[in-house]
Amino acid sequence: MHTRKQIIEIKALTKIFSLKDKEVRALENIDLSIEEGAVFGIIGMSGAGKSTLVRCINYIERPTGGTIIVDGKDLSRLNESQLRDVRRSMGMIFQQFNLLMQRTAEENITFPLEISGMKKREARQRARELLETVGLSDKAAAYPAQLSGGQKQRVAIARALATNPKVLLCDEATSALDPATTKSILELLRDINKRLGITIVIITHEMSVIEQICTHVAIIDESGIAETGTVAEVFSHPKTAAAQRLVFPDGKRIGQYLGKRLCRIVFEGSSSFDPVISRMILECRAQVNIMFADMKDIDGKAFGQLVLQLPQDDEVSDRIIRYLKTQNLSVEEVR
């Protein structure tokens, strides 16, 4: 399998803000590579530096130090006109939609096209195509005030796609939306990634957003990258304290649960129709307590984790763990 090219490369990125009487290090020595065609999540708590990072990627914020290379171009070496061209290749979606209230949905989408010099008729045609892409063909003449939050975000996505970007930067794009709307917006983004091959970078503080859509994830903590890898790797075996806070229930290590022996089972895409725990109870002739469960069905596949309290009898507990390991599940005993 050939290696995909890196569309975004960040090397030793540092960003320092000078306030009245002190310096604030918003980002410290960040190294990150994002492959073309990936859905890459950047997750961290509030104040970790996520939004500063995304604003550095498109050079809205100029880094204090380090290098950002987008599609082979070192942004520090570009003049303003060249930077504008690179920014056009990166669509941006925000938490608060940032639509122009006096313009219809169609006119919001034609706006960046008019700025780039496209003729009005062509811009309108492109806007109609994009409204169809985001499932809002019937809302061309609607103003933002007449649209729901989810519809506004769909218009914002259509506008971000107007200039045929190679990368879509989503800064907390679903934070203002309810869970059902969030799910539909993430499904739309995943569809855009698959159909158009656009690289998507998602900035979020919610692990559920990462699990639902991302292929890779970087965890940002206290201005630096704490951990990075595929979502499956980081979710299954979080190595750092920052990753464990995001992955484990209520930020607790599983070892804090009471009980003599506990095991954690991570589901990484086995069929959600497979009743593995019921089979285990029958096969091992033993009962277990489910201490914690966080499971999701994504396209008929099970993703998530279960924490089981094992029986007092060590022999039976050993048998259960052996059985679970034969079922191609990631199983670890935690005390």
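The structure presented is a predicted model; accordingly, all values stated were derived computationally and were not measured.

**Digging into the environment of Q102**
Here Q102 is to be found in the loop between β6 (90–93) and α3 (105–115). Owing to a relative accessible area of 70%, Q102 belongs among the exposed residues under this scheme. On a C-alpha basis, the gap between Q102 and A145 in space is 9.3 Å, while along the polypeptide they are 43 residues apart. Excluding residues within four positions of it along the chain, Q102 makes contact with E107 and Y143.

**Section: a nonpolar patch on the surface**
Taken together, L100, F111 and I115 make up a surface patch of nonpolar side chains, about 260 Å² in accessible area. Position of I115 relative to the elements: it lies in helix α3. On the accessibility criterion, I115 (59% relative accessible area) is exposed.

**A few points about the packing of helix α10 (residues 276–284) against helix α11 (residues 314–325)**
Where α10 contacts α11, the axes come no closer than 10 Å and their chain directions differ by 135°. Compared by their axis directions, α10 and α11 come out oblique. Considering the relative orientation of α10 and α11, their crossing is right-handed. Facing α10, whose interface residues are V276, I277, R279, M280, E283 and C284, α11 presents R319, I320, Y323 and L324. Grouping the amino acids of the contact of α10 with α11 by side-chain chemistry returns seven nonpolar, no polar and three charged.

**As for the sheet that holds strand β4 (residues 65–70)**
Pairing is antiparallel across the open sheet formed by four strands, whose spatial order is β2-β1-β4-β5. Edge positions in the sheet fall to β2 (23–35) and β5 (73–74), since each of these pairs with one other strand and no more. As judged from the nine bridges shared by strand β1 (residues 6–18) and β2, these two strands associate in the antiparallel manner. Note that in β2 the partner of E9 across the bridge is S33. Of the strands in this sheet, β1, β2 and β4 touch helix α1 (residues 50–57), which is tilted by about 120° from β1.

**Let's talk about the pairing of β6**
Across the two faces of β6 the burial is the same, with M90 and M92 and G91 and I93 all buried. Relative to strand β7 (residues 167–171), β6 is paired through four bridges, and the arrangement is parallel. Each bridged residue has a counterpart across the sheet, and for M92 the counterpart in β7 is L169.

**Side note on unusual backbone geometry**
The backbone of D71 sits at a positive phi, close to 50°, despite the residue not being glycine. If you trace the backbone, D71 turns up in the loop between β4 and β5. A positive phi angle, close to 50°, is found at E222, a residue other than glycine. For E222, the position within the fold is in the loop between β9 (216–221) and β10 (224–230). The exposure class of E222 is exposed, given its relative accessible area of 70%.

**As for the side chain of T199**
Position of T199 relative to the elements: it lies in strand β8 (residues 199–204). If we skip the residues at most four places from it in the chain, T199 touches I7, I34, E35, E36, G37, A38, K166, V167 and L168.

Conventions adopted
Residues numbered from 1 in each chain as written. Predicted model: local features only at pLDDT ≥ 70, side-chain atom pairs only at ≥ 80, totals over all residues. Heavy atoms only, no water. Helix = DSSP H or I, 4+ residues; strand = E, 2+ residues; numbered from the N terminus. Buried < 20%, exposed > 50% of the residue type's maximum accessible area, 1.4 Å probe, protein only. Contact = heavy atoms within 4.5 Å. Patch = residues over 30% accessible without salt bridge, like charges linked within 9 Å, V, L, I, M, F, W, Y side chains within 5 Å. Areas by Shrake-Rupley, 256 points an atom, 1.4 Å probe, with all protein chains shown as cover. Salt bridge = Lys/Arg side-chain N within 4 Å of Asp/Glu carboxyl O. Axes fitted to C-alpha atoms, helices over the stretch in contact; angles between N-to-C directions. Parallel < 35°, antiparallel > 145°, perpendicular 65-115°, else oblique. Left-handed = near helix turned anticlockwise from the far one by under 90°. Nonpolar A, V, L, I, M, F, W, Y, C, P; charged D, E, K, R; others polar. Pairing = 2+ DSSP bridges.

Keep in mind that these numbers describe shape and distance, not what the molecule does.
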